[in-house]
Protein chains: 2
Amino acid sequence: MGAEITVSDAGEFGLIGRVTAELTPGETTLLGPGDDAAVVRAPDGRIVATTDLLIEHRHFRRDWSSAVDVGHKAAARNFADIVAMGAVPTSLLVGFGAPADLELDWVDGLMAGIREECAEVGAAVVGGDVVEADAITLGVTALGDLQGREPVTLSGARPGEVVAIAGRLGWAAAGFAVLGRGFRSPVQVVNAHRRPEPPYAMGPRAAELGATAMTDVSDGLIADLTHIAAASDVRMDLVGGRVPVPTKLREVGAALNTDPLVWVLTGGDDYALAATFPERTALPPEWTPIGAVVTGSGVRVDGRSWPVGGHEHFRG
Amino acid sequence: MGAEITVSDAGEFGLIGRVTAELTPGETTLLGPGDDAAVVRAPDGRIVATTDLLIEHRHFRRDWSSAVDVGHKAAARNFADIVAMGAVPTSLLVGFGAPADLELDWVDGLMAGIREECAEVGAAVVGGDVVEADAITLGVTALGDLQGREPVTLSGARPGEVVAIAGRLGWAAAGFAVLGRGFRSPVQVVNAHRRPEPPYAMGPRAAELGATAMTDVSDGLIADLTHIAAASDVRMDLVGGRVPVPTKLREVGAALNTDPLVWVLTGGDDYALAATFPERTALPPEWTPIGAVVTGSGVRVDGRSWPVGGHEHFRG
């Protein structure tokens, strides 16, 4: 029956009640949804903040991803930005635009996905906004706490350092390629596109290990390392053979006649972490060294430039 | 010439460069736009946060408001939420969705308006996101600092207290009515619709004076006081004759054959502040007492209930 009830039936205030009904406050939540603004503890005396807009058809498709998937991913991509600074996510604010005929079931699923991803990192939804819109629109803002650490920016990489990655690379791109050809399997790569699994704990851990620069891989490894290279005024020399290409991606690549290394090097949306560390850093097993920071500019793989890849808005 | 150049010509990264070019860091900005996330000082150990979605045709019309106006208003409505907690705005994050054929001039105007409104309160744009969208979409998040004060919520009003307002009421509604009938004057009310002037300083000031509950008037005075009444489990008894109806609104009301008191009591978008204070509080002249908090529920004017008015999304 739920499928027939729309947000228009609930009205703005009914919808607000619905999306806030099952929220629980986080450890840092002093005042959650329902007032003019939220109040969040900032134990560190600083706050890390990032915001994203996600719009249906541009960032997700309802026939490819469930509402729960969209909720997970909307939260995950923002939390990945927070941990890429070496911080711990504490709070999420969600602006939600919906067409009047959107099923309330979809809204329930979205919020369930957001809540689940929040629980994964120990964060809470503290505020939001609900408006009518032609396309489903999400304005998501995440806040985080540095716990006394210095933020790890894009600009701290120095020649002689090690480039390393943590988390999955290429999986979401493989899933996107599979979905784009009308398939729904293998589920491992399709699910990777639907719900990224950023290596959240590795962000603060990298900061503790002395990471000099870090970013989450949202546009593609080459593209995002290029951002670090530009901000740090260095070059990244990667060794192709050190970049892991999992068996599953090789299988999917063979089936789709695509070199899986392209997915790994240029595919976005997995929200892995890429960072630079001082040369002698003892890296835990979650981090894979893939190259070195040298003088120069840009990113090379085995001495050659790669097309950056990645999606740029307004460029088709 | 600028009018012929579109965001599509600039591309995502060109557009990001454009919108961030003239930004200046604020007093609390530790790391501004350009990294994975911003880092903002939270001197108080707490942060106040609020978010809004604004979508063209739903929240603004480009033939009624200039890009600069839209920028002012987008920032103002979020800053009003921050000061309504008794806090001082410090930072703004702006998610910006634009059609590919939007003129770059419009973007420049939008950012100019946002920067000007930030300057008004001493805040800075610290981060954002740029995506392609069918309709101009703004996801705006404001952060604020309580400076050691306790947040003034919706739920602290108690019987025996005074209800007071600061700032303009009814002006934006009169302007909206004028524009809706195809007129462009009187400019005072039309401009009030285009650029609200929230009494920013009065938020922290009210907190210092001991305000027990406060809100910014975004939906209309009756509607927003009803939120306080419900959250505080009290009734608000207003005296109609004490609610100021400026001469200009009387003139516009006469011209449009509308009772201007309706604009004052139910018109939103002026972002005045409404608050409750202990009975003997010596209110500065910016605050006008308009009634009393009593036991009961809802809001009455001269003993009678008023239709709440205000716009509810999904209710046409």
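This one's a predicted model, so the numbers in the text were calculated from it and none came from an experiment. (Residues numbered from 1 in each chain as written. Chains lettered and ligands numbered in written order. Predicted model: local features only at pLDDT ≥ 70, side-chain atom pairs only at ≥ 80, totals over all residues.)

### Some details on the overall build of chain A
Within chain A one finds nine helices and 13 strands. The C-alpha atoms of chain A give a radius of gyration of 20 Å, which matches the 20 Å a tight globule of 316 residues would have. Reported as C-alpha extents along the three principal axes, the dimensions of chain A are approximately 60 × 50 × 35 Å. For chain A, the residues scored as buried account for 59% of the 316 residues in total. For chain A, long-range pairs separated by at least 24 residues make up 86% of all intrachain contacts whose partners lie at least 6 apart in sequence. (Helix = DSSP H or I, 4+ residues; strand = E, 2+ residues; numbered from the N terminus. Rg over C-alpha atoms; globule rule 2.2 N^0.38 Å. Buried ≥ 20, exposed ≤ 12 C-beta atoms within 10 Å, placed from the backbone. Contact = placed C-beta atoms within 7 Å.)

### Comments concerning the relation of the copies chain A and chain B
Relative to chain B, chain A is turned by 180° and slid 0.0 Å along the rotation axis, the superposed coordinates differing by an RMSD of 0.0 Å. Both copies are brought into coincidence by an operation consistent with a two-fold rotation axis. (Least-squares fit on C-alpha atoms with pLDDT ≥ 70 in both.)

### Some remarks on the pairing of strand S5 (residues 124-132) of chain A
Residue and element names in this part refer to chain A. When you tally the buried positions in S5, you get nine out of nine residues, the bulk of the element. Direction of pairing for strand S4 (residues 88-98) relative to S5: parallel, over a ladder of eight bridges. Bridging across to S5, valine 94 finds its partner in glycine 128. (Pairing = 2+ DSSP bridges.)

### Thoughts on the packing of helix H1 (residues 7-20) of chain B against helix H3 (residues 104-121) of chain B
The axes of two packed helices give the description: the angle between them and the distance between them. All names here are of chain B. Where H1 meets H3, the axes come as close as 11 Å, and the angle between the chain directions of the two elements is 20°. Classified by the interaxial angle, the pair formed by H1 and H3 is roughly parallel. Relative to H3, H1 is oriented so that their crossing is right-handed. Contacts between H1 and H3 involve Val7, Ala10, Leu15, Arg18 and Val19 on the former and, on the latter, Leu104, Val107 and Met111. (Axes fitted to C-alpha atoms, helices over the stretch in contact; angles between N-to-C directions. Parallel < 35°, antiparallel > 145°, perpendicular 65-115°, else oblique. Left-handed = near helix turned anticlockwise from the far one by under 90°.)

### What about unusual backbone geometry?
Residues and elements named next belong to chain A. The amide bond that connects serine 185 to the next residue, proline 186, takes the cis arrangement and shows omega of 5°. The topology assignment puts proline 186 in the loop between helix H4 (171-180) and helix H5 (187-194). The residue glutamine 147 is not glycine, and still its phi comes out positive at about 50°. Mapped onto the elements of the fold, glutamine 147 is located in the loop between strand S6 (137-145) and strand S7 (162-166). If you check the backbone angles, aspartate 269 has positive phi at about 75° while not being a glycine.

### Description of the packing of H4(A) against helix H8 (residues 247-256) of chain A
All names here are of chain A. Interhelical geometry of H4 versus H8 gives an angle of 30° and a closest axis separation of 11 Å. Considered as vectors, H4 and H8 are oriented roughly parallel to each other. Relative to H8, H4 is oriented so that their crossing is left-handed. Contact residues: H4 offers Trp171, Ala174, Ala177 and Val178, while H8 offers Leu249, Val252 and Leu256.

### Section: the domain arrangement of chain A
All names here are of chain A. For chain A, the domain assignment lists domain 1 (2-145) and domain 2 (162-305). Centre-to-centre separation of domain 1 and domain 2, based on C-alpha positions: 27 Å. Counted by class, the side of domain 1 that touches domain 2 contains nine nonpolar, three polar and four charged residues. (Domains from an automatic or database assignment. Nonpolar A, V, L, I, M, F, W, Y, C, P; charged D, E, K, R; others polar.)

### Focus on the sheet that holds strand S3 (residues 46-55) of chain A
Overall, mixed pairing links the six strands, which are arranged S5(A)-S4(A)-S6(A)-S3(A)-S2(B)-S1(B) in an open sheet. The open sheet is flanked by S5 of chain A together with strand S1 (29-31) of chain B, the only strands paired with a single partner. On average, adjacent strands in this sheet sit at an angle of 25° to one another, irrespective of strand direction.

### Some details on the environment of Pro99(B)
Residues and elements named next belong to chain B. Summarising the element assignment, proline 99 is placed in the loop between strand S4 (88-98) and H3. Proline 99 sits 37 residues away from isoleucine 136 along the chain, and the two C-alpha atoms are 6.5 Å apart. The contact partners of proline 99, leaving out residues within four places of it in the chain, are Ala133, Asp134 and Ile136.

### Looking at helix H4 (residues 171-180) of chain B
For an α-helix, the turn length of 3.6 residues means that residues three or four places apart are oriented alike. Residue and element names in this part refer to chain B. For H4, a buried count of eight out of 10 residues is recorded, marking the element as mostly surrounded by other parts of the structure. Residues of H4 that are buried include every one of Trp171, Ala172, Ala173, Ala174, Gly175, Phe176, Ala177 and Val178, and no others. For H4, the elements touching its buried residues are helix H5 (187-194), helix H8 (247-256) and helix H9 (260-266). Two residues or fewer past H4, glycine 182 is found with a positive phi of approximately 90°.

### A few points about the sheet that holds strand S6 (residues 137-145) of chain B
Strand order across the open sheet formed by six strands is S1(A)-S2(A)-S3(B)-S6(B)-S4(B)-S5(B), with mixed pairing between neighbours. Looking at which strands have only one partner, the edges of the open sheet turn out to be strand S1 (29-31) of chain A together with strand S5 (124-132) of chain B. Taken pair by pair, the neighbouring strands of this sheet meet at an average axis angle of 25°, ignoring direction. Where strand S3 (residues 46-55) of chain B lies against S6(B), eight bridges are found, and the strand directions are antiparallel. If you follow Ala49(B) over to S6(B), its bridge partner there is Leu143(B). Against the sheet, H1(B) contacts S4 and S5 of chain B, and its axis sits at roughly 165° relative to S5(B).

### Looking at the nonpolar core
In this structure, Leu92(A) and Leu92(B) are the most contacted members of the largest nonpolar core, which totals 223 residues. Setting aside its immediate chain neighbours within four residues, Leu92(A) contacts Ala75(A), Asn78(A), Ile114(A), Cys118(A), Ala123(A), Val125(A), Val126(A), Val140(A) and Ala142(A). (Core = buried A, V, L, I, M, F, W, Y, C linked by C-beta atoms within 7 Å.)

### Things to note about H5(B)
Within the sequence span of H5(B), burial applies to Val189(B), Val190(B), Ala192(B), His193(B) and Arg194(B). For H5(B), the elements touching its buried residues are helix H2 (67-83), H4 and H8 of chain B.

### Quick word on the environment of Arg235(B)
All names here are of chain B. Mapping arginine 235 onto the fold places it in strand S9 (residues 235-238). Here arginine 235 falls in the buried class, since 20 other C-beta atoms lie within 10 Å of it. Between the alpha carbons of arginine 235 and phenylalanine 13 there is a distance of 53 Å; along the sequence they are 222 residues apart. Every residue in contact with arginine 235, bar those within four places of it in the chain, is listed here: Ala229, Val294, Thr295, Gly296, Ser297, Gly298 and Arg300.

### Side note on the interface of chain A and chain B
The partner chain B presents 59 residues to the 59 residues of chain A that form the contact. No other element matches S3(A), which puts nine residues into the side of chain A that touches chain B. Taken together, the residues of the side of chain A that touches chain B break down into 30 nonpolar, 15 polar and 14 charged. Note: S3(A) against strand S2 (residues 38-41) of chain B, four bridges, orientation antiparallel. Its bridge partner being in S2(B), Arg46(A) is matched across the sheet by Arg41(B).

### Section: the pairing of S6(A)
All names here are of chain A. Along S6, nine of the nine residues are buried, which leaves the element largely enclosed by surrounding structure. Here S6 shows no split at all, with Thr137, Gly139, Thr141, Leu143 and Asp145 on one side and Leu138, Val140, Ala142 and Gly144 on the other all buried. Where S4 and S6 come together, nine bridges link them in antiparallel fashion. Bridged to glycine 97 within S6 is threonine 137.

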